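Fold and contact review
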Amino acid sequence: LVYLGSSFYQPATNEFTVVVTNNIDFTWDIVATNYWLEINQPVHGTVSGASNGWYAANAIVQLSKVANKGYRFNGWNGDVLGCTELDAVLNVPMNQARSICASFVTEGYTITYASTKYAENTNLVSYTIEDEIVFAPLSDVEGWKFTGWQPATISRGSTGAVTVTAQWTQIV
């Protein structure tokens, strides 16, 4: 709020220009300081608890994060110096303008192979929600012919540990 001569003026933003054409009393009264918080929504999860906007100086804004299925939280990015995390909540002191984002990465899941009959197995031992896996065949072993895997693939979007069983036919 600015007092110009005999009236008050409320600027629409925190920047404005005053042109003085004659002698006037010019008073600048800063009522309160606010800082802008920009919350950048991540790709593989969400941040909640507050929205983009102006916050009073020294206010504590609390942000929570939730990972999408198949992803896990990997840390906070941006203007987080001076912020503290307690019980999965980021406490953000509004003592400066801030831009903050949560980072998420893919969760890894194990693949266990059963009934391989000691055949050399070059297949992957883990996967993520973003992977699509078609298992390579095993070589035949003495007295046994490899006939396939059960399941034969892991589809993109799958999560959780998987046991894949080799299928064999005995050679007589």
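To be clear, the structure that these remarks concern was listed above.
To keep things clear, this report deals only with the structure shown in the data block. (Residues numbered from 1 in each chain as written. Predicted model: local features only at pLDDT ≥ 70, side-chain atom pairs only at ≥ 80, totals over all residues. Heavy atoms only, no water.)

1. Remarks on the sheet that holds strand S4 (residues 34–40)
In space, the four strands of this open sheet follow the order S6-S4-S11-S8, with mixed pairing throughout. Of all strands in the sheet, those bounded by a partner on one side alone are strand S6 (53–56) and strand S8 (71–78). In this sheet, neighbouring strand axes are inclined to one another by 30° on average, regardless of whether the strands run parallel or antiparallel. The pairing of S8 with strand S11 (residues 98–106) spans seven bridges and is antiparallel. Bridge assignment links tryptophan 76 to a residue of S11, and that residue is alanine 102. (Pairing = 2+ DSSP bridges. Helix = DSSP H or I, 4+ residues; strand = E, 2+ residues; numbered from the N terminus. Axes fitted to C-alpha atoms, helices over the stretch in contact; angles between N-to-C directions.)

2. Re the environment of valine 89
Note that valine 89 resides in strand S10 (residues 89–93). Those residues in contact with valine 89, other than ones at most four positions away along the chain, are Gln62, Leu63, Ser64 and Thr84. (Contact = heavy atoms within 4.5 Å.)

3. Overview of the pattern of salt bridges
Counted by the stated rule, this structure contains two salt bridges. Ionic pairing is found between glutamate 85 and lysine 65, a salt bridge with its closest N-O pair at 2.7 Å. Remark: lysine 65 occurs in strand S7 (residues 60–67) and glutamate 85 occurs in strand S9 (residues 84–86); sequence separation between them is 20 residues. Lysine 145 serves as the salt-bridge partner of aspartate 140, at 3.9 Å between the closest nitrogen and oxygen. Classification of aspartate 140 as partly exposed rests on a relative accessible area of 44%. (Salt bridge = Lys/Arg side-chain N within 4 Å of Asp/Glu carboxyl O. Buried < 20%, exposed > 50% of the residue type's maximum accessible area, 1.4 Å probe, protein only.)

4. Looking at the sheet that holds strand S15 (residues 144–150)
The strand order across the open sheet formed by four strands is S13-S12-S17-S15, and the pairing between neighbours is mixed. Since the sheet does not close on itself, it has two edges, and those belong to strand S13 (126–127) and S15, each with one partner.

5. Side note on the pairing of strand S5 (residues 45–48)
Along S5, the buried face is formed by Gly45 and Val47; none of Thr46 and Ser48, which line the opposite face, is buried. Bridge count between S5 and S7: four bridges; the pairing is antiparallel. Paired with glycine 45 across the bridge in S7 is alanine 67.

6. Details of the packing of aromatic side chains
For the structure shown, the criterion picks out nine aromatic pairs. Ring centres of tyrosine 113 and tryptophan 149 lie 5.3 Å apart, and the angle between their planes is 65°; on these two criteria the pair is classed as edge-to-face. Taken as a pair, tyrosine 113 in strand S12 (residues 109–114) and tryptophan 149 in strand S15 lie far apart in primary sequence, 36 residues in all. Each ring, one from phenylalanine 146 and one from tryptophan 168, has its centre 5.4 Å from the other, and the planes form 75°; the classification is edge-to-face. Of this pair, phenylalanine 146 sits in strand S15 while tryptophan 168 sits in strand S17 (residues 162–170), and the two are 22 residues apart along the sequence. Site record: aromatic cluster; members linked through ring pairs are Tyr113, Phe135, Phe146, Trp149 and Trp168. Across the ring face of phenylalanine 73, the terminal group of lysine 65 is positioned such that the distance to the ring centre comes to 4.4 Å. Its guanidinium or amino end placed over the ring of tryptophan 144, lysine 117 lies 4.0 Å from that ring's centre, counting from NZ or CZ. (Phe/Tyr/Trp six-rings, centres within 6.5 Å; stacked < 30°, edge-to-face > 60°. Lys NZ or Arg CZ within 6 Å of the ring centre and 35° of its normal.)

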